[in-house]
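Descriptive analysis of the structure
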Amino acid sequence: MTQRKAKKRSIFKNIGFYFALIYFALTVLLIVQLFILGMIPMKYLIPIIIILVLLAMGLCYLQLGKRLSKLNRILGRIIIVLLSLFLSVGNWYIFKTYHTFGELTDSDKDVSVVSVVVMKDSDYETIEDLAGQNIATTTLGDADVMSNAAKDLNKDISAELKSYNSVDAYGDALYNGEVEAMLLNEGMRGSFEEKHPEFDTDTKVIKRYTYEKVAKDISKNVDVTNTPFNVYITGIDSYGTIATVSRSDVNMLVTVNPNTKQILMTSIPRDYYVMQPCQDNQKDKLTHTGIFGVSCTIETAENFLNTDINYYARVNFSSLIDIVNALGGITVNSPVSFTTTVGGYSIVAGDNYLDGEKALAFSRERYSLVGGDRDRGKNQMRVVEGMINKAISPAIITRYTSILDAVGGSFQTNMNQSEINSLIRMQLDDMSGWEIFQYSVDGTGQGSTWSPSYGFYAYMMVPDQATVDKANSLINTVLNDGRLVQENIGY
């Protein structure tokens, strides 16, 4: 008994025991995290675990084994230190990956921001300065949000609220001095661009009210590794937090078939004049659905495309810039040469290397293109294709952490984490390429068409039903395991 106790004491006095213990703990932590992450196929995971366990056993022997020279023990400790650093970095990468993907799938809320806006050259600096003044509000957009903002404003100051039922009249009231300030749902900020294109620089914000509400669960979950599915990409016209409710300026349905390895991207013009459930089934521009939340956009698209949408992905201007830069830039092929209105970037016919700012300018441009919004939608698909191609290339390995930093908090989806993990695991398992196809629905421009969100008549694009029917046929082909060929798309 005394001999056994003495042996125990000698182990704890052996510094090599602590080297071995730390290394063993880091090894176990890495193995546990790899299982929790669930992204690595078993054919890779099992050999990795075997190697890790064998290394741990070998290094433990170099510290605790009998009849080892002092030199071997010292060399073992050096190796343990070096490999422990490697294991620590690996554990950090895995933790960061899991945390980032958790942020991507945190799509259970919509955030509405209502600002108190005054003219930039006014003397008003704080909300208290507006006490007793006239402040504009509106009946347009999300009535509940505006009602809550009016109540909160009245808690801060006593003011006279004047309601307007037209975006033009609403903006004009501030510009012509009819009111001293306005309550503005930030999701509607872009609505002033037609009448007051310099609105952002002409005004300033002196107070913000923020409202969060639980977003409706609209996912239609499937086994994404063997069942075709639809993902709707909505790009909101704002910077900052991705959960902010705003107009849906990018509208694209991505149909994915994991069996045939084909992807169909269908672009929909932002000005498409379609029936909207969130506006009592009145027709309005598709972009305005975003003001009422992503669920309104999805339900509207499902109705006129006559297909179920399983998931959505939401990005904004900040997202695109950050993600493209994190990827190290992307390459897109433009059929024509043009200069972007924003930034003055020169785009050549053929391949173009784009960084984040240039990619955003390229994807937003319509005035320099013959097809206007139609061509803009096609360019947006080219940007998405460029991002996909870069993301599945070996180059992503060297930029892994920067990509994680870029997408965390600036990209949102209702596809759950286990589904994303399954897709990544499937891709790593076979490393097969994907065929990507593009199609755009079309329409006819029509002025003087009623917009319930604007409260006046504006330009719309009336859908060309033949192109909508063709889009539906192409989507069904992919969903039903058929194979697309470029000649049948005519793009």
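In case you missed it, the structure is sitting above this.
This report concerns the structure included in the present document. (Residues numbered from 1 in each chain as written. Predicted model: local features only at pLDDT ≥ 70, side-chain atom pairs only at ≥ 80, totals over all residues. Heavy atoms only, no water.)

**Regarding the packing of helix α10 (residues 356-364) against helix α11 (residues 373-391)**
For clarity, the cut-off: Whenever a helix is involved, its axis is fitted only over the stretch in contact; in every case the axis is a line through C-alpha atoms, and angles between N-to-C directions fall within 0 to 180 degrees. Each helix is a run of H or I in the DSSP string that is no shorter than four residues. Each strand is a run of E no shorter than two, and both are numbered from the N terminus. The contact definition used throughout considers only heavy atoms, calling two residues in contact when any of these lie within 4.5 Å. Classification used: nonpolar for Ala, Val, Leu, Ile, Met, Phe, Trp, Tyr, Cys and Pro, charged for Asp, Glu, Lys and Arg, polar for all others including Gly.
For the pair α10 and α11, interaxial distance at closest approach is 7 Å and the crossing angle is 145 degrees. In this structure, α10 contributes Ala 359, Phe 362, Ser 363 and Arg 364 to the contact, and α11 contributes Arg 376, Asn 379, Gln 380, Arg 382 and Val 383. Along the lines of polarity and charge, the residues of the contact of α10 with α11 split into 3 nonpolar, 3 polar and 3 charged.

**Section: the packing of helix α3 (residues 42-64) against helix α4 (residues 70-104)**
Condition: The handedness criterion is simple: a crossing whose near helix is rotated anticlockwise from the far helix by less than a right angle is left-handed, and one whose near helix is rotated clockwise is right-handed.
Two elements in contact, α3 and α4, have axes separated by 8 Å at closest approach and are oriented at 145 degrees. In this structure, α3 crosses over α4, and the sense of that crossing is left-handed. Mapping the contact onto sequence places Leu 52, Leu 55, Leu 59, Leu 62, Gln 63 and Leu 64 in α3 and Asn 72, Arg 73, Gly 76, Arg 77, Ile 79, Ile 80, Leu 83 and Leu 87 in α4. For the contact of α3 with α4, the class distribution of residues is 9 nonpolar, 3 polar and 2 charged.

**Remarks on unusual backbone geometry**
Let me state the cut-off plainly: To sort residues, take the accessible area from a 1.4 Å probe on protein chains only and compare it with the maximum for the residue type: under 20% means buried, over 50% means exposed, and anything in between is partly exposed.
Of note, the phi angle at Asp 280 is positive, near 55 degrees, even though the residue is not glycine. With respect to the helices, strands and loops of the structure, Asp 280 is situated in the loop between β9 (273-276) and β10 (282-285). The backbone phi angle of Asp 481 is positive, close to 70 degrees, even though this residue is not glycine. Structurally, Asp 481 can be placed in the loop between α14 (465-479) and α15 (486-489). Taking the relative accessible area as the measure of exposure, Asp 481 reaches 41% and is therefore partly exposed.

**Side note on the pattern of salt bridges**
Put simply, the test is: Salt bridges are counted wherever a side-chain nitrogen of Lys or Arg sits within 4 Å of a carboxyl oxygen of Asp or Glu.
As enumerated under the stated definition, the model contains 18 salt bridges in all. Across the pair Arg 189 and Glu 186 runs a salt bridge whose closest N-O atoms are separated by 2.6 Å. Residue Arg 189 shares its accessibility class with Glu 186, and that shared class is buried. Between Arg 270 and Asp 271 there is a salt bridge whose closest N-O contact spans 3.0 Å. Residue Arg 270 shares its accessibility class with Asp 271, and that shared class is buried. Through salt bridges with shared partners, a single network forms among Asp 249, Arg 270, Asp 271, Lys 285 and Arg 366.

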